[in-house]
Amino acid sequence: QVQLVESGGGLVQAGGSLRLSCRASGTFYVINSMGWYRQAPGKQRELVATITRDDITDYADSVKDRFTITRDNAKDKIYLQMSSLKPEDTAVYYCNAEIRRRMTLAASTYWGQGTQDTVSS
C-alpha cells in the first residue's frame, strides 16, 4: 500500500511563511515526479508546483518567486516552502506523486489526504 503523508501548514497572516512536507510510504520501485496541488473553496484543483526526480521544477505563475519546491530522494520526501503568502493562497494543499510500484508496471498517480492552509489578511 502506497501512501502520501502530508504535514505542515496551518494558519498564518498575510506576508508570512509556511512549509509543507510530504513523504511517500509503503513498498514501491521508484517515484517519478512529485508535486503540490491546491483547491480553494468553490474552485477546481490547480497545480502549484512539480519536481522531477532530477530536480526539474515547474511552478504556477501565481506562486513563482514566492514558493519553492524541493525534493529529498533518499527520504522519498518533497517540501514546499511558501513565502510572502496572500489570502488568495488559502486552500487545501494536496501532495501528488507518480509512482511505479514495480519495475514492470507503469506509474500510477497517488494523492495525499490534503492539508488546510489559511492566510488571514
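Residues numbered from 1 in each chain as written. Predicted model: local features only at pLDDT ≥ 70, side-chain atom pairs only at ≥ 80, totals over all residues. Heavy atoms only, no water.

> Provide a residue-level description of the state of the cysteines, including the pertinent values.
What makes a disulfide is a covalent bond joining the sulfur atoms belonging to two cysteines. With the rule as written, the count across this model stands at 1 disulfide. In this model Cys22 forms its disulfide with Cys95; the gap between the sulfur atoms is 2.0 Å. On the sign convention where negative means left-handed, the S-S torsion of about -80° between Cys22 and Cys95 marks this disulfide as left-handed. Residue Cys22 is located in strand S3 (residues 18-25), and its partner Cys95 is located in strand S9 (residues 91-100); the two are separated by 73 residues in the primary sequence. Take Cys95: its relative accessible area is 0%, and that puts it in the buried class. (Disulfide = S-S within 2.5 Å. Helix = DSSP H or I, 4+ residues; strand = E, 2+ residues; numbered from the N terminus. Buried < 20%, exposed > 50% of the residue type's maximum accessible area, 1.4 Å probe, protein only.)

> Tell me what's going on with the sheet that holds S3, and back it up with residues and numbers.
A sheet is described by the order of its strands in space; here 4 strands give the open sequence S1-S3-S8-S7, paired in antiparallel fashion. Strands at the two margins of the open sheet, each flanked by one partner only, are strand S1 (3-8) and strand S7 (67-72). Each neighbouring strand pair of the sheet contributes to a mean axis angle of 15°, computed without reference to strand direction. The pairing of S7 with strand S8 (residues 77-82) spans 6 bridges and is antiparallel. Note on S8: the bridge partner recorded for Phe67 is Met82. (Pairing = 2+ DSSP bridges. Axes fitted to C-alpha atoms, helices over the stretch in contact; angles between N-to-C directions.)

> Explain the packing of aromatic side chains residue by residue, including any values.
Evaluated as defined, the whole model comprises 1 aromatic pair. When the ring centre of Tyr94 is taken as origin, the NZ or CZ atom of Arg45, which lies over that ring, is 3.7 Å away. Its guanidinium or amino end placed over the ring of Trp111, Arg45 lies 4.6 Å from that ring's centre, counting from NZ or CZ. (Phe/Tyr/Trp six-rings, centres within 6.5 Å; stacked < 30°, edge-to-face > 60°. Lys NZ or Arg CZ within 6 Å of the ring centre and 35° of its normal.)

> Help me get a handle on the pattern of salt bridges, residues and values and all.
Using the criterion set out here, one finds 4 salt bridges in the structure. Of the charged contacts in the structure, one is a salt bridge between Arg66 and Asp89, with a shortest N-O distance of 2.8 Å. With Arg66 in the loop between strand S6 (57-59) and S7 and Asp89 in the loop between S8 and S9, this residue pair connects regions lying 23 residues apart in the sequence. Side by side, Arg66 and Asp89 carry an identical accessibility label, which is buried. Each of Arg38, Glu46, Arg66 and Asp89 takes part in a single network of salt bridges with overlapping partners. (Salt bridge = Lys/Arg side-chain N within 4 Å of Asp/Glu carboxyl O.)

> Mind laying out the environment of Thr90, listing which residues take part and the relevant values?
By the secondary structure assignment, Thr90 is in the loop between S8 and S9. Each C-alpha atom, one on Thr90 and one on Pro41, is 8.9 Å from the other, the two residues being 49 residues apart in sequence. Aside from chain neighbours lying at most four places away, what touches Thr90 is Ala40, Gln116, Asp117, Thr118 and Val119. A distance of 2.9 Å separates a polar side-chain atom of Thr90 from the backbone oxygen of Pro87. (Contact = heavy atoms within 4.5 Å. Polar contact = N/O pair within 3.5 Å; in protein donor to acceptor, adjacent residues only side chain to side chain.)

> Could you give an account of the nonpolar core, naming the residues involved and the relevant values?
Soluble globular proteins tend to bury their nonpolar side chains together. Of all hydrophobic cores here, the largest spans 31 residues; its most connected members are Trp36, Leu80, Tyr93 and Ile99. The set of elements that each furnish at least two residues to this core consists of S3, strand S4 (30-39), strand S5 (46-51), S7, S8 and S9. Top contributing element to this core by residue count: S9, with 5 residues. (Core = buried A, V, L, I, M, F, W, Y, C linked by side-chain atoms within 4.5 Å.)

On their own, these measurements won't tell you what the molecule is for.
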